[in-house]
Amino acid sequence: MKNSLVEYGFDNASGVATLTFNRPDVLNAINVPMAEAFLAAARQLSEQPGLRCVVLTGAGRAFMAGGDVASMAGSPEHAAQVVNALLGALNPAILLLRRLDAPVIAAVKGAAAGAGLSLALMADLIVAEENARFLIAYNGIGAVPDCGGSWFLPHRIGAGRAAEMMMLSRTLSAAEAKQWGMVTEVAATGQFSEVLAATINKAASGATRAFGAFRRLVDQASGSSLETHLETERQSFLKMVETADFQEGVAAFLAKRPAAFRGH
């Protein structure tokens, strides 16, 4: 599917599917139509014969700069409607991808921020270009991670480092993300395609059904199920949109100024 908000490509020979977030003019910030397109693509993946590997990537300069904050501006009621619409599409899409047997690889250039970080972490493997950077970003608008971010992040890097990213606004370079165990491979700009292709080939030629069983075992061993946690996240985010700090965070983001949070 070309020229869509999430482009879907499939190579019959290798069994590799590629989903490309496609709003490059806004660094692929995800809005409700893109979230719905992502869900449609995930449903297509779940029915794709011969699927051996899934690659998530972003068009242009970034993987994904997070949610479309501008769409959340306004009253708490409006923000809640937008968040519910976003997560009403994104959460089922995430669960569909996590239930696949095929390994999922995030190919990250530029920023993976907010929902972009969560969706990268949702992948089994992350290949990052050396200029990539990883940040939570939700703290900047007085919100909590969604799309499984508060579930995936501590499982990848530990609760202490997750708190450092959230509470101290820590942005990780690709090299730091590799050191922390978040990223699988870091590639120089001129070698990114080559390193990504090698990783895809290795994953796509493996024991696909065993990979899927392994992922599900790991997810089940993590305590609360991802499905339960996704709903808990949604309810936490909706509580945050009612706060004055969230309104200030969104206003500051849109005005490109530091937020003046007051703790309420």
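Residues numbered from 1 in each chain as written. Predicted model: local features only at pLDDT ≥ 70, side-chain atom pairs only at ≥ 80, totals over all residues. Heavy atoms only, no water.

Novice: I would appreciate a short explanation of helix α2 (residues 76-98) in the present structure.
Specialist: Since one α-helical turn is 3.6 residues long, residues separated by three or four positions face the same way. The end-to-end C-alpha distance of α2 is 31 Å, a good match for the 33 Å that 23 residues give at a rise of 1.5 Å each. At leucine 87, α2 is bent by approximately 25°, the largest bend along its length. (Helix = DSSP H or I, 4+ residues; strand = E, 2+ residues; numbered from the N terminus. Expected span 1.5 Å × (residues − 1). Bend = angle between axes of the 7 residues up to and from the residue.)

Novice: Mind showing me how you'd approach the nonpolar core here?
Specialist: The tendency in soluble globular proteins is for nonpolar side chains to be buried as a group. Core analysis: the biggest nonpolar cluster contains 73 residues, and Phe38, Phe134 and Met182 have the highest contact counts within it. The contact partners of methionine 182, leaving out residues within four places of it in the chain, are Leu117, Leu121, Ile126, Phe134, Leu153, Arg156, Ile157, Met165, Leu172 and Ala177. Judged by nonpolar contacts, the second largest core, of twelve residues, contains Val16, Cys53, Ile200 and Ala203. (Core = buried A, V, L, I, M, F, W, Y, C linked by side-chain atoms within 4.5 Å. Buried < 20%, exposed > 50% of the residue type's maximum accessible area, 1.4 Å probe, protein only. Contact = heavy atoms within 4.5 Å.)

Novice: What exactly am I supposed to notice about the side chain of glutamate 129 here?
Specialist: When you line up the elements, glutamate 129 lands in strand β6 (residues 125-129). Apart from the residues within four sequence positions on either side, glutamate 129 is in contact with Val108, Lys109, Ala174, Ala187, Thr189 and Phe192.

Novice: Whenever I open this one, the sheet that holds strand β8 (residues 172-173) confuses me. Can you help?
Specialist: Each strand in a sheet pairs with its neighbour through backbone hydrogen bonds, running either in the same direction (parallel) or in the opposite one (antiparallel). Strand order in the open sheet made by the three strands is β5-β7-β8, with mixed pairing throughout. Edge positions in the sheet fall to β5 (111-113) and β8, since each has one partner strand and no second. Here strand β7 (residues 133-135) pairs with β8 via two bridges, running antiparallel. Of the residues in β8, the one forming a bridge with arginine 133 is serine 173. Running over the sheet, helix α3 (residues 115-122) touches β5 and β7 and is turned about 95° from β5. (Pairing = 2+ DSSP bridges. Axes fitted to C-alpha atoms, helices over the stretch in contact; angles between N-to-C directions.)

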